[in-house]
Amino acid sequence: MKKKFVLSLWSYCLITFGVLLVFSSHVFASSTFTSHSFGGKTYKLFVPSTYDPATETSLMVMLHGCTQDANQFSVGTEMNIVAEEKGFIVLYPEQSSSANSSKCWNWFEPAHQSRGSGEPAVIAGMVQQVKNNYSIDQSQVYVAGLSAGGAMSVIMGATYPDVFSGVGVGAGLEYKAATSSLQAWTAMSNGGPDPIRQGRLAYQAMGQYAQVIPTMVFHGDSDFTVQSINGHQVITQWAKTNDLAYDGQENTYFYDVADEVIQGQVSGGRSYTRSIYRDNAGNLLMEKYIVDGMGHAWSGGSSQGSYTDPAGPRASELMWEFFNSSEHKDPEDEPGENIPLVTSAEPSGGTYTAPVQVTLHTNREATTYYTLDESQPDEHSQVYTGPIQIEQSTTLKFYSVDTNGLVEEIQTESYIIDEGSSEHVTLTSITQEDGFVGRFSADGLGINVLKVGDKGMFNTDTYRTILSFNTSSLNSNDIIKGAVVRLYRKSLTGNIRSLEIDLKSGYFGSSPTLEQTDYAATATITNFMTVQVPSNDQEYIDIEIPSNYLDHINKNDRTQFRIKANTTASFTSNLLEIYGSSSQDFAPQLILSLE
């Protein structure tokens, strides 16, 4: 381990909106800390005084926790100080309060857990923007975060392994530890799903870009916000993911067993347990620090920031040293072309209580063929282009052929749809009562035309959509256990950052039919959910109604929903159009689970 960076002789302060890091005896006069934007979000960028465009440098991406911003996180973690000493650039993406009221990264929403969509795509886009403007070593781009940022750093490593060469997790959670806000609270308190299974899912998310990702975890054993079981699960998940990423198989490359456990003590601070994990060739691959008595905090940070514990081991320095350790395996030693072609299904076969959407992943570029009628697939079978909807018990058979002509063996996954004692009722929205409403009368309204967004000319929130469902068909004795609104994207022009959903028990105006006043009429629940736009046309999003709001579904009359869009004001319009109920295959649906 490199010599620890000591600040005892240098006090410092960060000029929050300035561009200088000032020390009592030293001024980094040419370092900068500047604001930028990408994809509807802002970010700050620290460039050290030693930066030379002629020399490629490393990039560290730092994802803040809930309620924080780039300034707070940079001060609290002191990563800029490490970056100035070591000579690397630091990128601090910022979550907006419009995307999450507490400025948490939405790690628990399916729209933000995959490559090419939602917040992962925006963060990856920021990285690319920095690469376009600075000389960055492609093999030395790392991501780390705290709490929600730690959970998102795990997602970034799983979805963009071709971009990031290491992941640092402070008080975070495993990949897809939750897929709803309710599950998020459960995972934070009790841990997420089986980390072995999540490790396989993370490997599937890597797809053709799969590669081994060095991982470092910090967690306090007195963290009562995100319990420390989550730190252990992150390690177990990445152990399985890295084992699979090595050669596409679950074998003896890597296990979730520490090769060395060290009891440490920060001088004048906290004790900790450091676990070191190596692959079967002895290369350092993962480390875990469990800090005694530390709560929900960035270990070893500055008290001038939020959610820090200065008494813990210095996570910022240790992560940098870990990522740049010569003990990591040289990427040139990876098996490369010897890795077998593997196609996997997510979710895997099994018994489900509701229809499922199955995604097929390959560990490199390939064409996948499949059948759903138990016949053997061949090159004349259907080519996989997107998620497969399984509505009833089905046998899925598939195989892939890569660009070199290597043919994979046929695989089989069986899906049993058994709704058990629960009854699922699907209601389609009412054509004559659905439509869009403009902010002003001049913006108009339209029955069964479902659009949200703005009309351009630097306006925002011009159009809102009303969806109406006749929920009086439910019996008064029915107990609603769950409810989901399903919407299909028809087209998208410009950029919609997210959608906000209001619920009305009854109807917004003076009657169920569309009225101009529906635009701003009082809702029973305002913005009960914020969701991302589907990535492609004809793809859907499921808007889950939280369990504590289910009693607002009106069993005596209508239940209506109002959809609003978050956009950035610009000259050109930003419009999302949703399929209406006149579309047989893509109509808006309210899916209810009854007891």
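A brief structural summary. Owing to the predicted nature of the structure, the values given are computational and were not obtained by experimental measurement.

As a further point, take the overall build of the chain. Across its full length, the chain holds eight helices and 35 strands. Against the 2.2 N^0.38 benchmark of 25 Å for 595 residues, the chain shows a C-alpha radius of gyration of 25 Å, consistent with a compact globule. If one aligns the C-alpha atoms of the chain with their principal axes, the spans along those axes are about 70 × 55 × 45 Å. Residue burial in the chain is summarised as follows: out of 595 residues, 57% are buried. Look at the contacts in the chain between residues 6 or more apart in sequence, and 70% of them connect residues 24 or more apart. For the chain, the computed accessible surface area is about 24300 Å², with 47% contributed by carbon and sulfur atoms. Considering the chain, the positive charge centre built from 35 side chains and the negative charge centre built from 66 side chains are found 7 Å apart.

All right, on to the sheet that holds strand β13 (residues 284–291) then. Strands sit in the order β4-β5-β7-β6-β8-β9-β10-β13-β12-β11 across an open sheet of ten strands; the sheet is mixed. With one partner strand each, in any of the chains shown, β4 (32–38) and β11 (260–265) form the two edges of the open sheet. Sheet twist, expressed as the average angle between the axes of neighbouring strands with direction ignored, equals 15°. Sheet analysis places strand β8 (residues 136–146) next to strand β9 (residues 166–170), joined by five bridges and oriented parallel. Note on β9: the bridge partner recorded for Ala 144 is Gly 168. Sheet strands touched by helix α2 (residues 79–86): β4, β5 (41–47), β6 (57–63) and β7 (89–93). Its angle to β7, the strand with the most contacts, is close to 155°. Together, β4, β5, β6, β7 and β8 form the strand contacts of helix α3 (residues 118–133), whose direction differs from that of β5 by roughly 40°.

Counting across every chain of the model gives one disulfide. Note that Cys 66 is cross-linked by a disulfide to Cys 104, the S-S spacing being 2.0 Å. Its S-S torsion of about 125° marks the bond between Cys 66 and Cys 104 as right-handed, since a negative value means left-handed. Note that Cys 66 is positioned in the loop between β6 and α1 (70–77) and Cys 104 in the loop between β7 and α3, a separation of 38 residues in sequence. Note on Cys 66: relative accessible area 22%, which makes it partly exposed. Given the relative accessible area of 11%, Cys 104 is considered buried.

Turning next to the nonpolar core. Judged by nonpolar contacts, the single largest core of 64 residues is most densely connected at Leu 59, Val 61, Leu 91, Trp 107, Met 156, Phe 164 and Trp 238. When sequence neighbours within four positions are dropped, the list of residues in contact with Trp 238 reads Val 154, Gly 157, Ala 158, Val 167, Met 206, Ile 213, Thr 215 and Met 286.

Mapped onto the elements of the fold, Ala 121 is located in helix α3. The class of Ala 121 is partly exposed, set by a relative accessible area of 23%. With 382 residues separating them along the chain, Ala 121 and Leu 503 place their C-alpha atoms 29 Å apart.

Here we come to the pairing of strand β35 (residues 589–594). For β35, a buried count of five out of six residues is recorded, marking the element as mostly surrounded by other parts of the structure. Relative to β35, strand β24 (residues 423–428) is paired through six bridges, and the arrangement is antiparallel. The partner of Glu 423 across the bridge, within β35, is Leu 594. With six bridges joining them, strand β29 (residues 480–493) and β35 adopt antiparallel strand pairing.

In the structure shown here, the tally under the stated rule is 17 salt bridges. For Arg 200, the salt bridge is made with Glu 250, and the minimal N-O distance between the two is 2.8 Å. Note that Arg 200 is positioned in helix α6 (residues 195–206) and Glu 250 in the loop between α7 (229–247) and β11, a separation of 50 residues in sequence. Of the charged contacts, one joins Asp 502 and Arg 562 as a salt bridge, the two residues approaching to 3.1 Å between their closest N and O atoms. Pair noted here: Asp 502 is in strand β30 (residues 498–505) and Arg 562 is in strand β33 (residues 558–566), with a separation of 60 residues, a long-range link. The exposure class assigned to Arg 562 is buried, which follows from its relative accessible area of 4%. One network of salt bridges, in which partners are shared, links Glu 500, Asp 502, Arg 562 and Lys 564.

Parameters and conventions
- Residues numbered from 1 in each chain as written.
- Predicted model: local features only at pLDDT ≥ 70, side-chain atom pairs only at ≥ 80, totals over all residues.
- Heavy atoms only, no water.
- Helix = DSSP H or I, 4+ residues; strand = E, 2+ residues; numbered from the N terminus.
- Rg over C-alpha atoms; globule rule 2.2 N^0.38 Å.
- Buried < 20%, exposed > 50% of the residue type's maximum accessible area, 1.4 Å probe, protein only.
- Contact = heavy atoms within 4.5 Å.
- Areas by Shrake-Rupley, 256 points an atom, 1.4 Å probe, with all protein chains shown as cover.
- Lys, Arg positive; Asp, Glu negative; His and termini not counted.
- Charge placed at Lys NZ, Arg CZ, Asp CG, Glu CD.
- Pairing = 2+ DSSP bridges.
- Axes fitted to C-alpha atoms, helices over the stretch in contact; angles between N-to-C directions.
- Disulfide = S-S within 2.5 Å.
- Core = buried A, V, L, I, M, F, W, Y, C linked by side-chain atoms within 4.5 Å.
- Salt bridge = Lys/Arg side-chain N within 4 Å of Asp/Glu carboxyl O.

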